[in-house]
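What follows is each chain in one-letter form.
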Amino acid sequence: MASKQFQGVYTAIVTPFRKDQSVDWTALESLVSLQIAGGVAGIVPCGTTGESPTLSEEEQGKVIAQVIKWVNKRCQVIAGTGSNSTAKTIHLSRHAEEVGADGLLIVNPYYNKPTQEGLYRHFVAVAESVKIPLVVYNIRGRTAVNVETPTLERIIKARSNVVAVKEASGDLNQMKQVLDVAPSYFSVLSGDDNLTYELLKLGGSGVVSVASNVIPKEMVELVQHCLAGE
């Protein structure tokens, strides 16, 4: 099987704003530079930490494109394009693919509380709309719905470009279940900084980190040691 496409520390980068509520592009560029200097494997613009639920579609598209331009292939860029609208998610995902994203982070549809079948159809529809890799973002505490392991299995089997999950369910038992059933190429990334060490001990591949906005080098060192079995 192919090796894992996503492994290491991925910073869920914040979107800084000026007092007039416009994006602070200077601050964002500085933050991108800090991440690259810290040795992160990738940057995730417009995740929920990056204010995706409150950015306009135009702002979100510009932030994703600009981060990709600044990174200039020095690390991976996984664009946050998920929302509680399948159509909006597909539109943003196609845009991210067009401007050069290495992958997409797709959060559970929030507020809608879809069934497991609804979750399956949502993620598969998005994955079918693009060719680049997709990361399912499972965060029950913020979306009121959990992607159950059998549902994730169905999604993986349905679409070969679904290659990872950002696991923020807070349930280590569920994470272990996913690790037990996932194909060898599939990455299980922690969605909680405080559970990163425990997940990596179980066989996880890394973390989509908030703490690395401030301490990228330290997070990279932690994950590298864990992945090396140290």
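This structure is a prediction, so every number in the text was calculated from the model and none was measured.

**Observations regarding the overall build of the protein chain**
Point 1. Across its full length, the protein chain carries 9 helices and 8 strands.
Point 2. A compact globule built from 230 residues should have a C-alpha radius of gyration of about 17 Å, and the protein chain, at 16 Å, falls within 12% of that.
Point 3. Referenced to the eigenvectors of the C-alpha coordinate spread, the extents of the protein chain come out at roughly 45 × 45 × 30 Å.
Point 4. Taken over 230 residues, the protein chain has a buried fraction of 52%.

**Focus on the packing of helix α6 (residues 149-158) against helix α7 (residues 172-181)**
Point 1. One can describe the packing of α6 onto α7 by two numbers: an axis separation of 10 Å at closest approach and a directional angle of 35°. Between α6 and α7 lies a crossing whose hand is right-handed. Contacts between α6 and α7 involve Thr149, Leu152 and Glu153 from the first element and Gln174, Gln177, Val178 and Val181 from the second.
Point 2. Tallied by class, residues from the contact of α6 with α7 come to 3 nonpolar, 3 polar and 1 charged.

**Some thoughts on the pattern of salt bridges**
Point 1. Tallied over the entire structure, the rule returns 6 salt bridges.
Point 2. For Arg18, the salt bridge is made with Asp24, and the minimal N-O distance between the two is 3.4 Å.
Point 3. Ionic contacts of the salt-bridge type, sharing partners, join the residues Glu117, Arg121 and Arg154 into one network.

**Looking at the nonpolar core**
Among soluble globular proteins, nonpolar side chains are generally buried collectively.
Point 1. Formed by 71 residues in total, the largest nonpolar core has its most connected members in Phe6, Ile43, Val67, Val136, Leu152, Val162 and Phe186.
Point 2. Contacts of Val162, omitting those with residues within four sequence positions, involve Ala127, Leu134, Val136, Ile155, Ile156, Tyr185 and Phe186.

**Description of the environment of Glu230**
Point 1. Position of Glu230 relative to the elements: it lies in the segment after α9 (216-227).
Point 2. Given a relative accessible area of 64%, Glu230 falls into the exposed group.
Point 3. At a separation of 2.6 Å, a polar atom in the side chain of Glu230 contacts the side chain of His225.

**Description of the pairing of strand β7 (residues 187-190)**
Point 1. Here β7 shows no split at all, with Ser187 and Leu189 on one side and Val188 and Ser190 on the other all buried.
Point 2. Pairing of strand β6 (residues 162-167) with β7 involves 4 bridges; the strand directions are parallel. From the neighbouring strand, Glu167 faces β7, where its bridge partner is Ser190.
Point 3. Handedness of the β-α-β unit built from β6, α7 and β7 comes out right-handed.
Point 4. Here β7 runs beside strand β8 (residues 206-209); their pairing, made up of 2 bridges, is parallel. Its bridge partner lying in β8, Leu189 is registered against Gly206.
Point 5. For the crossover that starts at β7, traverses helix α8 (residues 196-202) and ends in the parallel β8, the hand is right-handed.

**Looking at helix α2 (residues 57-71)**
Point 1. With 15 residues, α2 should cover 21 Å at 1.5 Å per step; its first-to-last C-alpha distance of 21 Å lies within 8% of that length.
Point 2. Every buried residue of α2 is listed here: Gln60, Gly61, Val63, Ile64, Val67, Ile68, Trp70 and Val71.
Point 3. Buried residues belonging to α2 abut α1 (25-37), β2 (42-44), β3 (76-80) and α3 (86-98).
Point 4. Asn72 occupies a position one or two residues after α2 and carries a positive phi of about 50°.

**Side note on the sheet that holds β2**
Point 1. Pairing is parallel in the closed barrel, where 8 strands are placed in the order β1-β2-β3-β4-β5-β6-β7-β8. Along the sheet, successive strands turn relative to each other by an average axial angle of 25°, direction set aside.
Point 2. Bridge count for strand β1 (residues 8-12) against β2 is 3 bridges, and the pairing is parallel. Bridge pairing links Ala12 to Val44 in β2.
Point 3. Running over the sheet, α2 touches β2 and β3 and is turned about 175° from β3.
Point 4. In the packing of helix α4 (residues 116-128) onto the sheet, the strands contacted are β4 (103-107), β5 (134-138) and β6, and the crossing angle to β4 comes to about 160°.

Rules and cut-offs
- Residues numbered from 1 in each chain as written.
- Predicted model: local features only at pLDDT ≥ 70, side-chain atom pairs only at ≥ 80, totals over all residues.
- Heavy atoms only, no water.
- Helix = DSSP H or I, 4+ residues; strand = E, 2+ residues; numbered from the N terminus.
- Rg over C-alpha atoms; globule rule 2.2 N^0.38 Å.
- Buried < 20%, exposed > 50% of the residue type's maximum accessible area, 1.4 Å probe, protein only.
- Axes fitted to C-alpha atoms, helices over the stretch in contact; angles between N-to-C directions.
- Left-handed = near helix turned anticlockwise from the far one by under 90°.
- Contact = heavy atoms within 4.5 Å.
- Nonpolar A, V, L, I, M, F, W, Y, C, P; charged D, E, K, R; others polar.
- Salt bridge = Lys/Arg side-chain N within 4 Å of Asp/Glu carboxyl O.
- Core = buried A, V, L, I, M, F, W, Y, C linked by side-chain atoms within 4.5 Å.
- Polar contact = N/O pair within 3.5 Å; in protein donor to acceptor, adjacent residues only side chain to side chain.
- Pairing = 2+ DSSP bridges.
- Right-handed = clockwise from strand over helix to strand, strands pointing away.
- Expected span 1.5 Å × (residues − 1).

Remember that the coordinates give geometry; whether it matters functionally is a separate question.
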